[in-house]
Amino acid sequence: MGNIMEKLEITAQEAYCKKVEELTPSELHLALGKVVMGEIAPNWAKSKAKHNSERRAYYFSAEFLMGRMMYNNLYCLGILDEVTKLLKKKGIDINVFEEIDDAALGNGGLGRLAACYLDSAATQEVPLDGYGIRYKYGLFKQLIKDGYQVEIADNWQRFKDPWCVRREDEAVTVSFKDQTVKAVPYDMAVIGCKTDNINTLRLWQAEAVNEFDFTAFNNTEYDRAVKEKNDAENISKVLYPNDNKYEGKVLRLKQQYFFCSASLQDIMRRYKAKHGTDFSHFAEENAIQLNDTHPVSCVPELVRLLQLEGMGFDEAFEIARKTCSYTNHTVLSEALEKWSADLMTQVIPEIYDIICLIANKCQEELIAKGINNEMRAKMRIIDGNAVHMARLATYAGTYVNGVAQLHTEILKADLLKEWYQVYPERFLNKTNGITQRRWLGLCNPELSELITDKVGSDDWLIDLSKLSVLNDCLDARTINKFNKIKAKKKVQLAEYIKKMDGFDVNPDTIFDVQVKRLHEYKRQLINAFSIMAIYFRIKEGKLPNWTPTTFIFGAKAAPGYARAKAIIKYITEIANLVNNDPDTKDKLQVYFISNYNVSYAEKIVVAADISEQTSTAGLEASGTGNMKFMLNGAVTLGTWDGANIEIAECAGVENEYIFGARVEDIDRLKKEGYNPAGLLEQNPELKRVINTLIDGTFDDDGAQGEGSFRELHHALTKGTHWHDPDHYFLIQDLPDYIETKIRANADYADRKEFGKKCLLNVANAGKFSSDRAILEYANEIWHVSHK
Ligand code: 26W
C-alpha cells in the first residue's frame, strides 16, 4: 500500500474541494473507498487474468449478505490499524463509518454463508467468483414500536457504493415472454487476506433497454412513457424478505431467471473469447455451485444457450449436468420451491419446455435403471402442475450436498431418499463454516491478541486449525485473561445497545443471547417460556443461587409472518414485566434489540456467555451463528441439531449444554402420537407458563390475551388445520431445557471452570472456518486449484 493519506488528501481535494478532516462521514467513506480501490486495481486485474487461464468455479446465489465493507477490506489488506491511526491524527474516529449502512443483500444464513465463502475463496486463492442480484433495496430495517415490528425500506445505496464498479460494456439482455431487459453488471472486489489474490462478486442490475418512450410522452401518456423503465427496474428493486418460506410470485421467478441468464451469458462470452464456438469443453473449464434451488433455472438456461450455439439437447444437457452442483439448505417443506407450470409458462415458456424435456429424460433414465412405477412417481420433476426444483437440481447436477452431517443424513434418509437410492455417488456433506477474518480478527481484536500470543503468530487468520494450541493453555492465568476480555466485550456491547436501542444493560450479568431470523422452528418461544418459568421460580424464592442474567434477543420476522410477529411482541411483553418487577429486576433482564444485522452481530457474538441454539432436532440444517459464538468463546445451550452436534463433538459435549429430543425421539413421538395437552396437564409449572399467553398476564394489542397470543396458544395446544398441536415440540423439550439452563447458570458461578469451557470452545473451533469448507468444495466438487 502506497501512501494512503497522501492519496486521500488528493482525492478529497479533487472530489470535494475539501481537506480530509472537513469531509462528512459519507464523503470520507467514498473518498477512502476510492483510494483503496485504486490501490488494489493492479492485483485485481492480475487475479482476473489468472482465473481466466484456468478451470474456475462460480457461486450462483440470490443472496449475498456482505455486511459493512470498509473495515473488512482495510483489515484484509492489513492496513486497518494504520488507517485508524492516520485518521486519528486528523481528529477523525474511524468509527464514523458505522453511520454508513451495511450491504444487506440477503436474509440470513444462506446469504451470509455465501459472503463467508467468497471471503475464504479469495484468501485461499480458490478461483471462485460470485454471481447475484444488485437489489436496490436490501433486507428491510426493523424498528420495534410498542413491541411490534415495523419495517422500513433499506436504501443502502443512498451513501453510494465505492466498492462496486459498473461495467456497462459487459451488459447483456435477458428476455421473458412479455419483456426484454438489460442486465448491467456491478463488480465488487473480494479481497483476500495475506495474499495478493482478489476475487469478484458480480451483481446484476436490471435496466430498461429503452428508457423513455417519446411517442407516448408526446401523446401525454406520461405513465406509459416510463413504463418500460419501471417494469425493468422492478426486477432488481427489492430482496424478498422471506427466509424459509416459498411464495410463487412472478417477480421472484423473474429475479431468479434474470441473474442466471445474465451470468451464463457472461461465462459463455468469456469461454467463446478463448475457444470460439466449440462449447464441447465447457464443463471442463467451468463449475457452477447452485446456492439452494433459487438459481436452478441455470440448468435449463444453460441448455437453451448451448442449443443456440448449435448443440443438440442431449449433449447440452450432459454439459449442464457436469457443470452444475446443488447445495440444499433446508428440509422444511414450506421452504422447498415448487413453481407452478402455469406460472413458468407465462413467464419463461422456453425454459419450461426444456424442463419438460429434462423431466422426461429423467423418467426414461429411471425406467432404464429398472426403477418401479411407485418410486418413479415420487421422483417426478414435474408432478401435476408443480415443478419440484430440488428434484430438478438433484437430477440435473453432479453433486448434491447438505450443510452439516446430520442434515446430509436427513437428505439421504428422508427428503431425497429415492434419489440417494438411485444416485448415491452424488451425495456429499459439506459442513458450513464462517470466516475467522470478520468473525474473530475484525470483531474481537482483544481475543485475537491473546490467541496470537499463544499461537506465536497470527497464522490462525489463514489456518484456523492453529487454534488447537489453546488446548494446552488452560492455566488459571490464561483463563483469567479470557474472562477479562469477555467482561470488556460485554461493557462494549452494553454501550452499543445503549446507543442503538436506549436500553441500560448491566454488563456484570451473564449474557444469554439468541440472535437469528425469527421462525417457529428456531423456537425463540421456548426461550421465552423458560424465562417465564425462571421468573416465577425466582419470585417464589426457589432459585436462591441464581446468578443475574441478561437475556438478549434479536430477530427479524418476515413481514407477512403473523405468528413470528406475535412472538416478538410476547418477548417484549416479558421484558416489560421482568425488567420492572422489583422482585426480579436485579436478577433477570430481557431485551429485544432492534434491527439485528451483520454489524450488530459483530458486537453481540463477541460478548455472549451463552449461545442459544434451540431449533427442533432435524430442522436447522446447520446454523452458522452457533459457530460465531463458539469461536468467540461462548458455550452452546442448544439441541441435538445441525452443526450444534459437530460443535459439541469438537469441544467436548461436557463443555456445552445440550438438551431435548433427538431426531430419533421426535420421529418416535410422531409415530406413537404426541400429546402436548396431556404433558401440560401433568406439569402445572408448564401449564402456568404457557397460559401466560391467554390469562391476561400480558397485553397483546389491548386484547389482554385475546389477540395474537391466543392464536399462539391455540397452535400449541390444539393445532391448526395445517399443523398438529405443538408442531415444533416445544412442550416436549421445555422441562429439560429449563433444567439445563439452570445448570449452566449454576456452573457460571465457578468462573475458572466456566472460563475453561469457553476457552475449550475457542480452541476447538478450527473445523468451523469457511476456509476448511471452501477447500473441501474446491477439492471434492469443483476440482479447481488453490493455494
Ligand atoms: C423461497 C424462500 C426461501 C428463502 C431462503 C427458502 C429458503 C431459504 C433459505 C434456504 C433458508 C436459509 O437461509 N437456510 C439456512 O441456511 C444456512 C446456511 O446453510 C444454514 O446454516 C441454516 O441452518 C439454514 O436455515
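Residues numbered from 1 in each chain as written. Predicted model: local features only at pLDDT ≥ 70, side-chain atom pairs only at ≥ 80, totals over all residues. Heavy atoms only, no water.

1. Comments concerning the sheet that holds strand 15 (residues 386–388)
Then step 1. What the three strands build is an open sheet, ordered 13-15-14; its pairing is antiparallel. Among the strands making up the open sheet, the edge pair consists of strand 13 (338–340) and strand 14 (382–383).
Then step 2. Taken together, the three bridges between strand 13 and strand 15 define a ladder with antiparallel strand orientation. Looking at the pairing, Lys 338 lines up with His 388 of strand 15. (Pairing = 2+ DSSP bridges. Helix = DSSP H or I, 4+ residues; strand = E, 2+ residues; numbered from the N terminus.)

2. Brief notes about the layout of surface pockets
Then step 1. The volume enclosed by the largest pocket comes to roughly 1,200 Å³.
Then step 2. Lining of the largest pocket is provided by 40 residues; of these, Leu 80, Gly 441, Leu 442, Cys 443 and Pro 445 occupy positions nearest its centre.
Then step 3. Secondary structure elements with two or more residues in the lining of the largest pocket: helix 3 (70–76), helix 4 (80–89), helix 19 (436–442), helix 20 (445–455), helix 21 (476–501) and helix 24 (598–604).
Then step 4. Take the lining of the largest pocket: its biggest share by element is seven residues, from helix 21.
Then step 5. Here the residues of the lining of the largest pocket are counted per class, giving 16 nonpolar, eight polar and 16 charged.
Then step 6. Shared between two domains, the lining of the largest pocket takes at least three residues from each, and those domains are domain 1 (4–432 + 774–782) and domain 2 (436–666 + 726–768). (1 Å grid on protein atoms, 1.4 Å probe; cavity = no way out; pocket = protein on both sides within 12 Å on 5 of 7 lines; lining within 4 Å. Points joined across faces, edges and corners; volume = space filled by probe spheres on them. Nonpolar A, V, L, I, M, F, W, Y, C, P; charged D, E, K, R; others polar. Domains from an automatic or database assignment.)

3. Side note on the site of the ligand
Then step 1. Around the ligand, a shell composed of 21 residues is seen, among which His 329, Asn 432, Glu 620, Ser 622 and Gly 623 lie nearest.
Then step 2. The separation between an oxygen atom of the ligand and a polar side-chain atom of Glu 620 is 2.6 Å.
Then step 3. Residue Ser 622 places a main-chain N or O atom 3.0 Å away from an oxygen atom belonging to the ligand.
Then step 4. Alone, the ligand offers 570 Å² of accessible surface; in the complex the protein occludes 97% of this.
Then step 5. At three residues, the largest contribution of residues to the shell around the ligand is made by helix 5 (residues 109–123). (Near = heavy atom within 4 Å. Polar contact = N/O pair within 3.5 Å; in protein donor to acceptor, adjacent residues only side chain to side chain. Areas by Shrake-Rupley, 256 points an atom, 1.4 Å probe, with all protein chains shown as cover.)

4. Thoughts on the pairing of strand 18 (residues 510–515)
Then step 1. Burial analysis of strand 18 places six of its six residues in the buried class, which makes it a mostly covered element.
Then step 2. The alternating pattern of strand 18 places Ile 510, Asp 512 and Gln 514 and Phe 511, Val 513 and Val 515 on opposite faces, both of which are buried.
Then step 3. As judged from the six bridges shared by strand 18 and strand 19 (residues 549–554), these two strands associate in the parallel manner. The residue bridging Asp 512 from the neighbouring strand is Phe 551, located in strand 19. (Buried < 20%, exposed > 50% of the residue type's maximum accessible area, 1.4 Å probe, protein only.)

5. Quick look at the pattern of salt bridges
Then step 1. Applying the stated criterion to the full structure yields 64 salt bridges.
Then step 2. The residue Glu 98 makes a salt bridge to Lys 499 at a minimum N-O spacing of 3.7 Å. With Glu 98 in the loop between helix 4 and strand 3 (103–105) and Lys 499 in helix 21, this pair connects stretches of sequence that are 401 residues apart.
Then step 3. The exposure class of Glu 98 is buried, given its relative accessible area of 18%.
Then step 4. Here the salt bridges share partners, and the residues they tie into one network are Lys 48, Arg 167, Asp 169, Glu 170, Asp 187, Arg 202, Asp 266, Arg 269 and Arg 270. (Salt bridge = Lys/Arg side-chain N within 4 Å of Asp/Glu carboxyl O.)

6. A few points about the domain arrangement of the protein chain
Then step 1. Under the domain assignment, the protein chain is made up of domain 1 (4–432 + 774–782) and domain 2 (436–666 + 726–768).
Then step 2. Computed over C-alpha atoms, the centres of domain 1 and domain 2 are 31 Å apart.
Then step 3. Listed as interface residues are 50 residues of domain 1 and, on the opposing side, 49 residues of domain 2.
Then step 4. Together domain 1 and domain 2 conceal approximately 3,900 Å² of surface at their shared face, both sides included; 54% is due to carbon and sulfur atoms.
Then step 5. Between the two partners, domain 1 and domain 2, sit 20 residue pairs in polar contact (both at pLDDT 80 or more).
Then step 6. Put simply, the parts of the chain that give the side of domain 1 that touches domain 2 at least two residues each are strand 2 (64–67), helix 3, helix 5, strand 5 (141–145), strand 6 (148–152) and helix 17 (405–415).
Then step 7. With seven residues, the top contributor of residues to the side of domain 1 that touches domain 2 is helix 5.
Then step 8. Class assignment for the residues of the side of domain 1 that touches domain 2 results in 21 nonpolar, 18 polar and 11 charged. (Contact = heavy atoms within 4.5 Å. Buried area = accessible area lost by both parts, 1.4 Å probe.)

7. Considerations on the packing of aromatic side chains
Then step 1. By the definition in use, this model includes 32 aromatic pairs.
Then step 2. Considering the side-chain rings of Phe 60 and Phe 259, the 6.3 Å spacing of their centres and the 45° angle between planes classify their relative orientation as tilted. Within this pair, whereas Phe 60 is found in strand 1 (residues 56–60), its partner Phe 259 is found in helix 9 (residues 250–275), the two being separated by 199 residues in sequence.
Then step 3. The class of Phe 259 is buried, set by a relative accessible area of 0%.
Then step 4. An angle of 25° between the planes, with centres 4.8 Å apart, marks the rings of Tyr 271 and Phe 279 as stacked.
Then step 5. Judged by its relative accessible area of 2%, Phe 279 is buried.
Then step 6. Three or more aromatic residues joined by ring pairs make a cluster, and in this case those are Tyr 58, Phe 60, Tyr 131, Trp 204 and Phe 259.
Then step 7. Between Arg 134 and the ring centre of Tyr 186, over which it is positioned, the NZ or CZ distance is 3.8 Å.
Then step 8. Taking NZ or CZ as reference, Arg 321 lies 4.6 Å from the ring centre of Tyr 395, over its face. (Phe/Tyr/Trp six-rings, centres within 6.5 Å; stacked < 30°, edge-to-face > 60°. Lys NZ or Arg CZ within 6 Å of the ring centre and 35° of its normal.)

8. Overview of the sheet that holds strand 18
Then step 1. Strand order in the open sheet made by the six strands is 20-19-18-21-22-23, with parallel pairing throughout. At either margin of the open sheet sits one strand with a lone partner, and together these are strand 20 (588–593) and strand 23 (657–659). Taking each pair of neighbouring strands and ignoring which way they run, the sheet shows an average axis angle of 15°.
Then step 2. As paired elements, strand 18 and strand 21 (residues 610–613) share two bridges and run parallel to each other. Within the sheet, the bridge partner assigned to Asp 512 lies in strand 21 and is Ile 610.
Then step 3. Lying on the sheet, helix 22 (residues 524–539) is in contact with strand 18, strand 19, strand 20 and strand 21; it crosses strand 19 at an angle near 155°.
Then step 4. On top of the sheet, helix 31 (residues 730–748) reaches strand 18, strand 19, strand 21, strand 22 (635–639) and strand 23; it is set at about 170° to strand 23, its chief contact. (Axes fitted to C-alpha atoms, helices over the stretch in contact; angles between N-to-C directions.)

9. Some points on a nonpolar patch on the surface
Then step 1. Together, Phe 212, Phe 214, Phe 217 and Tyr 222 make up an exposed nonpolar region whose accessible area comes to about 420 Å².
Then step 2. Checked against the element boundaries, Phe 217 lands in helix 6 (residues 214–218). (Patch = residues over 30% accessible without salt bridge, like charges linked within 9 Å, V, L, I, M, F, W, Y side chains within 5 Å.)

10. Concerning the environment of Asp 93
Then step 1. Among the secondary structure elements, Asp 93 is positioned in the loop between helix 4 and strand 3.
Then step 2. The class for Asp 93 is partly exposed, based on a relative accessible area of 47%.
Then step 3. Along the sequence, Asp 93 and Gly 673 sit 580 residues apart, while their C-alpha atoms lie 61 Å from each other.

11. Things to note about the packing of helix 9 against helix 11 (residues 298–308)
Then step 1. Running from amino to carboxyl end, helix 9 crosses helix 11 at an angle of 45°, the nearest separation of the two axes being 9 Å. Here helix 9 is positioned oblique relative to helix 11, judged by the angle of their axes. Between helix 9 and helix 11 lies a crossing whose hand is right-handed. The segment helix 9 lies against helix 11, with Tyr 257, Cys 260, Ser 261, Leu 264, Gln 265 and Met 268 engaging Cys 298, Glu 301, Leu 302, Arg 304, Leu 305 and Leu 306.
Then step 2. Residue composition of the contact of helix 9 with helix 11, by class: eight nonpolar, two polar and two charged. (Parallel < 35°, antiparallel > 145°, perpendicular 65-115°, else oblique. Left-handed = near helix turned anticlockwise from the far one by under 90°.)

12. Let's talk about helix 29 (residues 684–691)
Then step 1. Those residues of helix 29 that sit buried are Leu 686, Val 689 and Ile 690. The arc that holds every buried residue of helix 29, seen down its axis, measures 90°, which confines them to one face.
Then step 2. In the core, the buried residues of helix 29 are packed alongside helix 22, helix 23 (562–580), helix 28 (676–682), helix 30 (708–717) and helix 31. (Arc of directions from axis to C-beta.)

13. Focus on unusual backbone geometry
Then step 1. A positive phi angle is found at Glu 125, which is not glycine, with a value near 55°.
Then step 2. Here Glu 125 shows up in the loop between helix 5 and strand 4 (128–133).
Then step 3. With a phi close to 80°, Asn 244 is a non-glycine residue in the positive phi region.

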